[in-house]
Amino acid sequence: MAAAERRRRALITGITGQDGSYLSELLITKGYDVHGIIRRASMFNTGRIEHLYRDPHDPEARLFGHYGDMTDGTALRRIIEAVEPDEIYNLAAQSHVRVSFDEPEYTADVVAMGALRLLECLRDYVARTGRDVRMYQAGSSEMFGDAPPRQSEATPFQPRSPYATAKVAAHEHARNYREAYGLFVANGILFNHESPRRGETFVTRKITRAVGRIREGLQDKLYLGNLDARRDWGFAGDYVDAMWRMLQHDTPDDFVVATGRSYSVRDFLEAAFEQAGLDWQDYVEFDERYLRPTEVDHLEGDAAKAKDKLGWTAATDFKTLVAMMAEADHELARRERTLIDAGHGEGLTALNG
Ligand code: NAP
Ligand code: F7E
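Along each chain, numbering runs from 1 in the same order as the chain's sequence is written. All chains are assigned letters beginning with A, and all ligands numbers beginning with 1, in the order in which they are written. Given that this is a predicted model, residues contribute local features only at a pLDDT of at least 70 and side-chain atom pairs are listed and counted only at 80 or more, while totals for whole chains, interfaces and linings are drawn from all residues. Hydrogens and water molecules were not included; the side-chain quantities draw on all heavy atoms of the structure.

Asks: Would you take a moment to explain the site of ligand 2 for this structure?
Replies: The environment of ligand 2 is formed by 23 residues, the closest being Ser95, Ser140, Tyr163, Arg292 and Glu295. The contact in question runs from an oxygen atom of ligand 2 to an N or O atom on the backbone of Ser95, over 2.7 Å. Take Lys206: an N or O atom from its side chain is 2.8 Å from an oxygen atom of ligand 2. Protein coverage of the free-state accessible area of ligand 2, which is 700 Å², stands at 96%. Helix and strand definitions here come from DSSP, where helices need a minimum of 4 consecutive H or I residues and strands a minimum of 2 consecutive E residues; each element is numbered from the N-terminal end. Those elements that provide at least two residues to the shell around ligand 2 are α6 (203–215) and β8 (222–224). For this purpose, a residue is taken to be near a molecule or strand whenever a single non-hydrogen atom of the residue falls within 4 Å of it. Whenever two N or O atoms come within 3.5 Å, that pair is a polar contact, provided that in protein one can donate a hydrogen and the other can accept it, and provided that, for residues adjacent in sequence, both atoms are side-chain atoms. Residue burial considers only the protein chains on display, and all accessible areas are found by Shrake-Rupley using a 1.4 Å probe.

Structure (structure tokens):
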């Protein structure tokens with residue numbers, strides 16, 4: 001292909017995660033070639049992007065994988081040199097807040113140092129080639145921590161977990177590289193976003209998975225921690241569009257991405273069990289293992305700047321999101337039930353997501 005016809009090229013860290021899969025779909029639809037960094041695992045970890053994959057020899061192939069890890073700066077550098085991306089989306093993270101209290105050093109290494117490693121690669125690559133390469137940094141509403149709602153770009157960060165402090169560090173590194181070296185680095189500050197592809201240990205998916213399994217007689221209890229926490233839950237498919245818009249904007253900036261409405265974990269439970277005609281109180285039990293040493297009580301975002309400057313608003317409301325997840329997880333549980341009835345073990349985890 002002649003240089004003039006070269007398709008735009010995106011590099012995504014964390015491509016195998018929830019957001020990586022939706023972002024890959026979006027970018028392929030927009031005509032990009034998508035390259036993703038995949039970490040080596042003893043089992044397949046590409047379930048969420050398998051439907052996008054074709055053999056790289058196929059001229060229709062648009063998705064390409066590269067082994068790498070956010071803890072390995074040399075590999076990141078090599079991948080950027082080989083891919084020559086126009087846009088980089090840094091989505092890789094140890095993204096579980098509760099787990100970050102158990103693995104704080106690893107979380108900081110992947111999230112904070114990982115972002116810094118990537119910025120260093122970008123800095124040198126841009127200095128050497130003079131190319132316009134844009135980077136998105138996946139920041140989080142967790143960075144606001146204790147700050148009272150509604151939180152906006154002007155709200156000071158008060159992080160409450162090793163995950164959140166690492167995200168604040170990554171966010172500040174990104175701002176500093178923007179100012180020090182004139183790099184185009186946009187910081188997203190995304191509030192919770194969910195989907196049928198959400199990891200199963202996050203509370204929304206844990207609930208909809210349980211509802212589906214309870215309906216099919218595969219589970220009879222659901223153990224949870226704090227039901228009072230309030231979150232601003234949106235749909236991941238909507239949020240990756242905001243990421244892309246940030247990199248098409250004329251200047252690099254920081255943007256809150258949120259629905260502007262918050263609900264408690266109890267509200268989510270009620271809505272999800274109601275889908276199945278069940279009363280959550282008959283099934284849910286408390287387990288202190290799911291409490292955090294420091295909790296974030298109330299996150300509710302003000303995304304007025306994203307609306308004004310990027311033309312972005314959340315398209316999916318809470319009720320639609322819960323219904324979408326509950327329906328997908330009921331279907332998953334039905335398939336588990338069929339397999340079990342056919343004598344194929346305890347359940348089907350490979351099809352999750
Ligand atoms: P996710 O489903 O947990 O995906 C995380 C991705 O990072 C996976 O692809 C994972 O690979 C990869 N990863 C983890 N450790 C890595 C390492 N050491 N090296 C390379 N890759 C590594 O997270 P998500 O929900 O898609 O979120 C995407 C990003 O947005 C994350 O940075 C998250 O912290 C941030 N964020 C998420 C939300 C939300 O509500 N979802 C809100 C705000 C910000 P494996 O598949 O191999 O595990
Ligand atoms: O918890 C409470 C828990 O783990 C939500 C990540 O994507 O969003 C996510 O972080 C709330 C918390 O998400 C259980 O205490 C009760 O108050 O689903 P979660 P999170 O901590 O808000 C932000 C924006 C990110 O950036 C993160 O990467 O639910 N909760 N009982 C529970 N939570 C879990 N996981 N499990 C429970 O049993």
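Asks: What exactly am I supposed to notice about the environment of Arg78 here?
Replies: Within the secondary structure, Arg78 is located in helix α2 (residues 73–83). Along the chain, Arg78 and His330 lie 252 residues apart, while their C-alpha atoms are 43 Å from each other.

Asks: Teacher, can you tell me more about the domain arrangement of the chain here?
Replies: A common measure of how large an interface is: the accessible area buried when the components associate. Under the domain assignment, the chain is made up of domain 1 (7–196 + 231–257) and domain 2 (203–229 + 262–293 + 318–352). A separation of 29 Å is found between the C-alpha centroids of domain 1 and domain 2. The contact between domain 1 and domain 2 buries some 1,300 Å² in all, and 68% of this surface belongs to carbon and sulfur atoms. For any pair of parts, buried area is found by adding up, for both, the accessible area (1.4 Å probe) each one loses once the two are put together. It is Pro196, Arg231 and Trp233 in domain 1 that bury the most area against domain 2; as a group they hold 51% of the surface buried on that side. Put simply, domain 1 and domain 2 have four residue pairs in polar contact (both at pLDDT 80 or more) between them. Throughout the structure description, domain borders are defined by an automatic or database domain assignment.

Asks: Sorry, what's going on with the site of ligand 1 here?
Replies: Contacts to ligand 1 come from 25 residues, most closely from Thr16, Asp19, Ser95, Tyr163 and Lys167. The contact in question runs from an oxygen atom of ligand 1 to an N or O atom on the backbone of Leu91, over 2.9 Å. Within the side chain of Lys167, a nitrogen or oxygen atom sits 2.8 Å from an oxygen atom of ligand 1. About the coverage of ligand 1: the protein hides 90% of its 900 Å² of free accessible area. Elements represented by at least two residues in the shell around ligand 1 include exactly α1 (18–29), α4 (104–129), β5 (134–140) and α5 (162–181). Of the residues forming the shell around ligand 1, the biggest block, three residues, is contributed by β5. Residues are grouped as follows: Ala, Val, Leu, Ile, Met, Phe, Trp, Tyr, Cys and Pro are nonpolar; Asp, Glu, Lys and Arg are charged; all remaining types, including Gly, are polar. Grouping the amino acids of the shell around ligand 1 by side-chain chemistry returns 10 nonpolar, 10 polar and five charged.

Asks: Mind showing me how you'd approach the sheet that holds β5 here?
Replies: Two modes of strand pairing occur in sheets, parallel and antiparallel, and in both the strands are linked by backbone hydrogen bonds. Strand order in the open sheet formed by seven strands is β3-β2-β1-β4-β5-β6-β11, and the pairing between neighbours is parallel. Single-partner strands in this sheet number two, and they are β3 (63–67) and β11 (254–257). Here the strands of the sheet are splayed against their neighbours by 20° on average, with no regard to which way each runs. Relative to β11, strand β6 (residues 184–190) runs parallel, the two being bridged by four bridges. Bridged to Ile189 within β11 is Val256. Contacts were defined at the residue level, with two residues in contact if any of their heavy atoms lie within 4.5 Å. Angles shown run from 0 to 180 degrees and are taken between the N-to-C directions of axes, each axis being a line fitted to C-alpha atoms and, for helices, limited to the stretch in contact. Its contacts with the sheet put α1 on β1 (9–13), β2 (33–38), β3 and β4 (87–90), and the angle it makes with β1 is roughly 175°. Any two strands with at least two DSSP-identified bridges between them are counted as paired.

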